[in-house]
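# Survey of secondary and tertiary structure
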Amino acid sequence: MYGSKSSLSSFQSSKFGDDSDDEDISEINRHGFKVKNGVIEDGLNVSIEKNREREGKWLLMLANWNLYSKSKKYQSKLKNRVRKGIPDAIRGKAWMFLRASAEGKLDDKGTTFKKLDEMSCSAEEDEQIEKDLHRQFPDHEMFSTKGSGKQDLYRVLKSWAVYRPEVGYCQGQAPIASLLLMHLTAEDAFWSLVAICDYFIPGYYDIGLTAIQMDGLILESLTGSYCSDVHKLLKATKVESMYYMTDWFMCIFIRTLPWNTVLRVFDLFLSEGVKVLFRVGLTMLRENLYSLSKKLKKNNADDLFMDAMTFAKRSPEVAKDEDYFIHQVCSCRVTERELTNEFQKQKKKWDKSKGDVRRNYFKRDPEGIYSDVKMPYTDGKMSKTINPISADAANVTTASRLTTVHESQEAQEEDANSQADERWKGVDSRNYDPNATIRPMPPLKTSAQTVDRAEINNKYLLTPERVYNVPVICMYGETDSKKTVMVYVHNYFPYFYVPSNKKEVDNDINAVTSILSSDSRLHGGSTRFLMTENNI
Amino acid sequence: MSSAAGSSTPTSIAAQKAYDYLFKLLLIGDSGVGKTCLLFRFAENSFNPTFISTIGIDFKIQTVEIDGKRIKLQVWDTAGQERFRTITTAYYRGAMGILLVYDVTSKKTFENITNWLKNIEEHAAEGVEQLLVANKCDQEDKRVISEEQGQLLAVHHGIDFIECSAMTGENVREAFYRMARRVKTKHESKESAQRADGSKSVKILSDPGSPLGKSLGNCC
């Protein structure tokens, strides 16, 4: 529940938070972050009407997922809609669809995660995870000193460490798990994390960190072809890719960009795969270093070193406008084919002492990530105490994951479109005027109670058949009896924010639930109440 | 642009600069011992208990004055988790001074110092200055490693030792100053030895072939 600082005050476990006084939270923005100096920077980038319209389209799309995920014509529609940004209310659900795990989870009937949740990982990993619980988004309500998200974060990361003991926990995973937990339940967040680590960016967190090092080399090389001036600057100043891209790629830019943009990049990443990281990376480098690179002619490279170091890593000014930024990112034409070719080149120069390196840049298995894959997340390496999933499915995913090169039709199409001289399609960032597009952001403090219900309905309510099983309302919190709670309310439209300042969280939740379930539009059983017990 | 020894004109560039020396320091130690907090305290003189973990490499600059010389310290902060060593060890070679940090409230981070020392031996330039830094010394009630134990370990490995607290700020400045002074002394004695040799070229302490050593060459 947004703005529910006091509701979390009963949470005082030494493991997940300390007892120190939290400063008063005056305002929380719509993403759950504490607002500094009363300036809310993360407003909606479209009008409410437009947002509703998009939500409607998304609901329709999710309801007809097979069509949109399989038919060529509709696939591109889906892709374009992701590029426009998934509406907040749909985001969690859409992420689940995009990673094709919804079916998988149902197959599993929740037993795998439950079992993993009960198991413990090595003491060493446990210690590392606990240390990091306090170091993720301290400004976010869920992960601040007394935030209830830490508990679920622990469960997700620990479950991963149990699930993939040969990889174990890597510090780069915690920010991703945190982002997922802001939108999903612990179980869904866990399977999404698994999908990302195993499927989207396999090897990034492995003990040798070879995959990320390889991608660093590839990014460096691509900088040469996509922004040669910047490449020259980086070479001259000897700023290495591992310095700026490790955090970027490992955490999908979550720790670098403004939050509105973080979400959009993540949407894009789940939809289009690992090439998005390169596209964003190149955009960032170009934005951050292009003007500095022009000074290379007149200045000694050593004099530019400090600036190059400082500028390289920062979040560019244009990233504040997520639409513009995403437009730029999508104008960068790096394809899977290009990445694969670059990989083959770099592999010849690879320092073997670092260990074996494998990469697969195609975002899909031959069937496509959008097809209804059954439980794609198991490859037989899972601990024996857990039910093994169908061996056939396991073989297929393992095989596709490890194939270094294979063809994807879409990549071929994209390849044909991308001309060597058309590196950036129709975008000139230098003409960008930051002041022109940054919008005044509306504060969250709307008193939802005072809005006339009928008016909302008339204005925003979509026809019932278009409303389809989506968690339009999603609430998280902690009860007085120390249970973490996540509430999903399906089939409820429109949604609203409920500021809560009361201490009686249980009562609050019951009240909200009873109001919602008495609503005639919520047909029986569609309100799902997820409550997890944890012994702290 | 390579400004390897002698090829550029170091003195004229140095004249334009606001500093006399540029030293590269490196912070290593287990995850959560407070490397980033120490650096933040040193560079910004403030403390934030809710720090985010370091993933990969980071760096900060701080200029200090020692014996009338302005010294620009380029301090590299590293991720503590073991698997990141494959990335961070690349930065050892260029470092002129390495601060090994442990947490006085955690026995394991203290015991791991031996491993970190091995890492230095393997990856850092020979004769690199080292300083053992015991952090969180303000937390007396949680302390499990005494000052004597730290001192003993330092003596055993023939390196310098200091206890400090990023939270209170105690001894943090001293730690970095002490390291800077040691690097400076070594640097100047090398310089004068070279002058005695009659060599006009200026040799730098760090290896130009490593990430940290590359932009150097104009430091004196």
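Residues numbered from 1 in each chain as written. Chains lettered and ligands numbered in written order. Predicted model: local features only at pLDDT ≥ 70, side-chain atom pairs only at ≥ 80, totals over all residues. Heavy atoms only, no water.

## Observations concerning the pairing of strand E5 (residues 129-135) of chain B
All names here are of chain B. Burial within E5 is extensive, with 7 of its 7 residues counted as buried. Neither face of E5 is left uncovered, since the one carrying Glu129, Leu131, Val133 and Asn135 and the one carrying Gln130, Leu132 and Ala134 both have all their residues buried. Inspection of the sheet shows strand E4 (residues 97-103) paired to E5 by 7 bridges, in the parallel sense. For Val101, the partnering residue across the bridge sits in E5 and is Val133. Pairing geometry for E5 and strand E6 (residues 160-163), over 4 bridges, is parallel. Across the sheet, the residue bridging to Leu131 is Asp160, located in E6. Once the chain exits E5 it traverses helix H6 (residues 147-156) before rejoining the sheet at E6, and the crossover so formed is right-handed. (Buried < 20%, exposed > 50% of the residue type's maximum accessible area, 1.4 Å probe, protein only. Helix = DSSP H or I, 4+ residues; strand = E, 2+ residues; numbered from the N terminus. Pairing = 2+ DSSP bridges. Right-handed = clockwise from strand over helix to strand, strands pointing away.)

## Examining the interface of chain A and chain B
With 44 residues of chain A at the interface, the matching set in chain B holds 36 residues. Summed over both sides, the interface of chain A with chain B buries roughly 3300 Å², with 53% coming from carbon and sulfur. At the surface where chain A touches chain B, the tally comes to 2 salt bridges. Here Lys313(A) makes a salt bridge to Asp58(B), at a shortest N to O gap of 3.4 Å. Connecting chain A to chain B are 13 residue pairs in polar contact (both at pLDDT 80 or more). Looking at the side of chain A that touches chain B, the elements with two or more residues in it are helix H7 (123-133), helix H11 (210-226), helix H13 (241-250) and helix H16 (301-313) of chain A. Examining the composition of the side of chain A that touches chain B, we find that 7 residues originate from one element, H16(A), more than from any other. Considered class by class, the residues forming the side of chain A that touches chain B number 19 nonpolar, 11 polar and 14 charged. (Contact = heavy atoms within 4.5 Å. Buried area = accessible area lost by both parts, 1.4 Å probe. Salt bridge = Lys/Arg side-chain N within 4 Å of Asp/Glu carboxyl O. Polar contact = N/O pair within 3.5 Å; in protein donor to acceptor, adjacent residues only side chain to side chain. Nonpolar A, V, L, I, M, F, W, Y, C, P; charged D, E, K, R; others polar.)

## A few points about the pairing of strand E3 (residues 69-78) of chain B
Residue and element names in this part refer to chain B. Summarising burial for E3: 8 of the 10 residues are buried, a large majority. The pairing of strand E1 (residues 21-29) with E3 spans 7 bridges and is parallel. Considered in E3, the bridge of Phe23 is made with Leu73. Bridge analysis of strand E2 (residues 57-66) against E3 gives 10 bridges, and the strand direction is antiparallel. The partner of Lys60 across the bridge, within E3, is Val75. Where E2 hands over to E3, the hairpin turn is made up of 2 residues, of which Asp67 adopts a positive phi near 50 degrees.

## Quick word on helix H14 (residues 259-272) of chain A
Residue and element names in this part refer to chain A. Look at H14: 20 Å from first C-alpha to last across 14 residues, which is about the 20 Å you get at 1.5 Å a residue. In terms of burial, H14 is largely enclosed, as 14 of its 14 residues are buried. Downstream of H14 by one or two residues, Gly273 has phi in the positive range, about 90 degrees. (Expected span 1.5 Å × (residues − 1).)

## Quick word on the domain arrangement of chain A
Residue and element names in this part refer to chain A. The domain architecture assigned to chain A consists of domain 1 (48-200), domain 2 (210-352) and domain 3 (460-535). In this structure, domain 1 and domain 2 have C-alpha centres spaced 25 Å apart. Both sides of the domain 1 and domain 2 interface together cover about 1900 Å² of buried area, and 72% of this is carbon and sulfur. On the domain 1 side of the interface with domain 2, the three residues burying the most area are Arg83, Leu179 and Phe200, jointly 34% of the side's total. A salt bridge links Glu272 to Arg83, with the shortest nitrogen-to-oxygen separation between them at 2.8 Å. Our enumeration of links across domain 1 and domain 2 arrives at 6 residue pairs in polar contact (both at pLDDT 80 or more). Put simply, the parts of the chain that give the side of domain 1 that touches domain 2 at least two residues each are helix H3 (72-84), helix H4 (88-98), helix H9 (173-181) and helix H10 (186-200). Its residues assigned to classes, the side of domain 1 that touches domain 2 comprises 13 nonpolar, 3 polar and 4 charged. (Domains from an automatic or database assignment.)

## Focus on the pattern of salt bridges
Evaluated as defined, the whole model comprises 34 salt bridges over all chains. A salt bridge links Arg155(A) to Asp152(A), with the nearest nitrogen and oxygen atoms 2.9 Å apart. A residue pair is termed a helical-turn pair when its members lie 3 or 4 positions apart in one helix, as Arg155(A) and Asp152(A) do in helix H8 (residues 149-163) at 3 residues. A residue is classified by how much of its surface remains accessible, and Arg155(A), at 7% relative accessible area, is buried. For the salt bridge of Asp160(B) with Arg182(B), the shortest nitrogen-to-oxygen distance reads 3.3 Å. With Asp160(B) in strand E6 and Arg182(B) in helix H7 (residues 172-196), the pair connects residues that are 22 residues apart, well separated along the chain.

## Points about the state of the cysteines
Considering all chains together, one arrives at 0 disulfides over all chains under this definition. A disulfide-free cysteine, Cys170(A) has its sulfur positioned 8.2 Å from the sulfur of Cys251(A), the nearest such atom. Judged by relative accessible area, which is 0%, Cys170(A) ranks as buried. A disulfide-free cysteine, Cys37(B) has its sulfur positioned 11 Å from the sulfur of Cys164(B), the nearest such atom. (Disulfide = S-S within 2.5 Å.)

## Brief notes about the packing of H13(A) against H16(A)
Residues and elements named next belong to chain A. Following both chains from N to C, one finds H13 and H16 inclined at 10 degrees, their axes separated by 9 Å at the closest point. The angle between H13 and H16 falls in the class roughly parallel. Contacts between H13 and H16 pair Tyr243, Tyr244 and Trp248 from the former with Met309, Ala312 and Lys313 from the latter. Of the residues belonging to the contact of H13 with H16, the class tally is 5 nonpolar, no polar and 1 charged. (Axes fitted to C-alpha atoms, helices over the stretch in contact; angles between N-to-C directions. Parallel < 35°, antiparallel > 145°, perpendicular 65-115°, else oblique.)

## Describing the packing of aromatic side chains
Residue and element names in this part refer to chain A. Counting across every chain of the model gives 26 aromatic pairs over all chains. Judged by centre distance (4.7 Å) and plane angle (65 degrees), the rings of Phe33 and Trp259 are edge-to-face. Within this pair, whereas Phe33 is found in the segment before helix H1 (48-63), its partner Trp259 is found in helix H14, the two being separated by 226 residues in sequence. For Phe33, a relative accessible area of 11% translates into the label buried. Measuring from centroid to centroid gives 5.3 Å for Phe113 and Phe190, while their planes differ by 40 degrees, and the two rings are tilted. Taken as a pair, Phe113 in helix H6 (residues 111-118) and Phe190 in helix H10 lie far apart in primary sequence, 77 residues in all. The same class applies to Phe113 and to Phe190, which are both buried. Put simply, the rings of Tyr244, Trp248, Phe249, Phe253, Phe278, Phe343 and Tyr361 touch in pairs and so form one group of aromatic residues. Over the aromatic face of Phe311 sits the side chain of Arg314, whose NZ or CZ is 4.1 Å from the ring centroid. (Phe/Tyr/Trp six-rings, centres within 6.5 Å; stacked < 30°, edge-to-face > 60°. Lys NZ or Arg CZ within 6 Å of the ring centre and 35° of its normal.)

## So, the environment of Ile57(B)
Considering the arrangement of structural elements, one finds Ile57(B) in strand E2. For Ile57(B), the contacting residues outside a window of four places in its chain are Met242(A), Tyr243(A), Lys313(A), Trp76(B), Asp77(B), Ile87(B), Thr88(B) and Tyr91(B).

## A closer look at the sheet that holds E5(B)
Residue and element names in this part refer to chain B. Read from one edge of the open sheet, 6 strands run E2-E3-E1-E4-E5-E6, paired in mixed fashion. Only two strands of the sheet have a single neighbouring strand rather than two, namely E2 and E6. Averaged over all adjacent pairs, the angle separating strand axes in this sheet is 25 degrees, with direction ignored. In the packing of helix H2 (residues 35-44) onto the sheet, the strands contacted are E1, E2, E3, E4 and E5, and the crossing angle to E2 comes to about 40 degrees. Where helix H5 (residues 113-123) meets the sheet, it contacts E1, E4 and E5, and its direction lies at approximately 165 degrees from that of E4.

## Description of the nonpolar core
Core analysis: the largest hydrophobic core is formed by 155 residues, its most contacted members being Tyr244(A), Phe249(A), Phe266(A), Phe269(A) and Phe278(A). Counting residues domain by domain, this core receives three or more from each of domain 1 (48-200) and domain 2 (210-352) of chain A. When near neighbours in sequence (up to four residues on either side) are disregarded, Phe249(A) contacts Ile201(A), Tyr204(A), Ile212(A), Asp215(A), Leu219(A), Leu277(A), Phe278(A) and Gly281(A). Among the nonpolar cores identified, the runner-up in size contains 30 residues, and Met96(B), Val101(B), Val133(B) and Phe176(B) belong to it. (Core = buried A, V, L, I, M, F, W, Y, C linked by side-chain atoms within 4.5 Å.)

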